[in-house]
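Each chain, letter by letter, is given below.
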Amino acid sequence: MSTRRLEGKVALITGAARGQGRAHAVRLASEGADVIALDVNADAPTTAYPGPTADDLAETVRLVEAQDRRIIAREADVRDFAAVSAVVEEGVAELGGLDVVVANAGICSANLSWEIPVEQWQETIDTNLTGVFFTAKATVPVLIEQGRGGSVIITSSVAGLRGLPFLGHYAASKHGVVGLARTMANELGQFNIRVNTLHPHGVATGMTVPDMQPLMQQYASTLGPIFMQTLPDQVSQPEDMAAAVAWLASDDARHVTGIQLPVDLGTLAR
């Protein structure tokens, strides 16, 4: 349900081709925002699921335009600072500014911590942590220069607040963005720029982790209960996350900064 809380705003979203990123784009557009969208449109070599495609990003464009909003959508890898900066520059020039940044792009794979291949560790950290830093580095100066405040929302995870088994590299990256966000919240408050992190549990997206299943079965009795949620739903939908992002982006949350918002089916309550 839209209340047009973001009328006249511009939102940049990374990882926007599908899943949570697409849901964020559609929800923020329904709230009145124009959108700058980017995604890598390629497979990640160290993950066991297919990556987003150009067709996926085109569908996000269609859905945003169906909300009668403008969208600039480009292929860019968040690990490439120059590419992200170019998309930001183009989008801001075309759409007239920037108000909301949703650093959502990420990847996930599973292994026991001491068995994580070096390449898998590096790709996870580069995408999930350095990619968020590059997104912030490319956008925050724009927000400051404009002088009209802003909201930065970073997708973390339950794994950013808890040591989830089989996800050492993922958890390290998601804990990392929490530290970055907390520091940025302190630094940017003077400019009326708010910075918060979002912490989902499982979300029904294309980012499945089939390499997790054998490990869950092998360690079901000892480590499986750590993943147990409180509410009856097994997973959340991308739209559940988008609702939280829309709130954090809006003036309804104008006094909210530096928080870690769980939308996690009560997982962290256990």
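Because the structure is predicted, anything quoted here is derived from the model rather than measured.

Novice: Any details on the overall build of the protein? Residues and values, ideally.
Specialist: A tally of helices and strands in the protein yields seven helices and seven strands. Counting helices and strands in the order they occur from the N terminus, the protein gives β-α-β-α-β-α-β-α-β-α-β-α-α-β. Here the protein has a C-alpha radius of gyration of 18 Å; the compact-globule value for 270 residues is 18 Å, and the two agree. Its C-alpha atoms put the protein at 55 × 35 × 35 Å along the principal axes. The buried share of the protein, taken over its 270 residues, is 54%. The long-range share in the protein, meaning contacts at least 24 apart out of those at least 6 apart in sequence, stands at 79%. Surface exposure of the protein reaches about 11,600 Å², of which carbon and sulfur atoms provide 53%.

Novice: Could you give an account of the pairing of strand β1 (residues 10-14), naming the residues involved and the relevant values?
Specialist: Within a regular strand, the side chains alternate between the two sheet faces. Across the five residues of β1, five count as buried, placing the element largely inside the fold. Residues V10, L12 and T14 line one face of β1 and the alternating positions A11 and I13 line the opposite face, and both faces are buried. Both β1 and strand β2 (residues 34-39) contribute to a ladder of five bridges, which runs parallel. Opposite A11, over in β2, you have V35 as the bridge partner.

Novice: Account for the pattern of salt bridges, with residues named and values stated.
Specialist: The full count for this structure, using the stated rule, is eleven salt bridges. Taking the shortest distance from any N to any O, the salt bridge between R4 and E7 comes out at 2.8 Å. Overall, R4 belongs to the partly exposed group, its relative accessible area being 36%. Taking relative accessible area as the criterion, E7 reaches 43% and is therefore assigned partly exposed. For the salt bridge of R70 with D34, the shortest nitrogen-to-oxygen distance reads 2.9 Å.

Novice: Could you give an account of the pairing of strand β3 (residues 71-75), with specific residues and numbers?
Specialist: As judged from the five bridges shared by β2 and β3, these two strands associate in the parallel manner. Bridging across to β3, I36 finds its partner in I72.

Novice: Could you give an account of the packing of helix α1 (residues 19-30) against helix α2 (residues 54-65), naming the residues involved and the relevant values?
Specialist: In the contact formed by α1 and α2, the axes pass within 9 Å of each other and the chain directions differ by 15°. The angle between α1 and α2 falls in the class roughly parallel. Seen from above, α1 lies across α2 with right-handed handedness. Contacts between α1 and α2 involve R22, A25, V26 and A29 from the first element and D56, E59, T60, L63 and V64 from the second.

Novice: Can you lay out the sheet that holds β1 for me, pointing to particular residues and giving the numbers?
Specialist: To summarise the sheet geometry, strands pair through backbone hydrogen bonds and adopt either a parallel or an antiparallel arrangement. Spatial ordering of the open sheet is given by β3-β2-β1-β4-β5-β6-β7, a layout of seven strands whose pairing is parallel. Strands at the two margins of the open sheet, each flanked by one partner only, are β3 and β7 (260-263). Adjacent strand axes in the sheet meet at a mean angle of 15°, parallel and antiparallel pairs treated alike. Pairing analysis gives six bridges linking strand β5 (residues 150-155) to strand β6 (residues 193-200), with the strands arranged parallel. Directly across from S151, in β6, lies its bridge partner R194. Most of the contacts of helix α4 (residues 118-146) go to strand β4 (residues 100-103), to which it runs at about 175°, and overall it touches β1, β4, β5 and β6.

Novice: Kindly report on the packing of aromatic side chains, identifying the contributing residues and their values.
Specialist: Within the structure shown, the criterion is met by four aromatic pairs. With a centroid separation of 5.8 Å and an interplanar angle of 40°, the aromatic rings of F166 and Y219 are classed as tilted. Of the two residues, F166 sits in the loop between β5 and α5 (168-188) while Y219 sits in the loop between α6 (213-218) and α7 (238-249), which places them 53 residues apart along the sequence. Overall, the relative accessible area of 4% leaves F166 in the buried class.

Novice: Which residues make up α5, and what are the values?
Specialist: The first and last C-alpha atoms of α5 sit 30 Å apart over 21 residues, in line with the 30 Å expected at 1.5 Å per residue. Regarding α5, the residues found buried are H169, Y170, A171, S173, K174, V177, V178, A181, M184, A185 and L188. Of the surrounding elements, those touching the buried residues of α5 are α4, β5, β6 and β7.

Criteria and cut-off values
Residues numbered from 1 in each chain as written. Predicted model: local features only at pLDDT ≥ 70, side-chain atom pairs only at ≥ 80, totals over all residues. Heavy atoms only, no water. Helix = DSSP H or I, 4+ residues; strand = E, 2+ residues; numbered from the N terminus. Rg over C-alpha atoms; globule rule 2.2 N^0.38 Å. Buried < 20%, exposed > 50% of the residue type's maximum accessible area, 1.4 Å probe, protein only. Contact = heavy atoms within 4.5 Å. Areas by Shrake-Rupley, 256 points an atom, 1.4 Å probe, with all protein chains shown as cover. Pairing = 2+ DSSP bridges. Salt bridge = Lys/Arg side-chain N within 4 Å of Asp/Glu carboxyl O. Axes fitted to C-alpha atoms, helices over the stretch in contact; angles between N-to-C directions. Parallel < 35°, antiparallel > 145°, perpendicular 65-115°, else oblique. Left-handed = near helix turned anticlockwise from the far one by under 90°. Phe/Tyr/Trp six-rings, centres within 6.5 Å; stacked < 30°, edge-to-face > 60°. Expected span 1.5 Å × (residues − 1).

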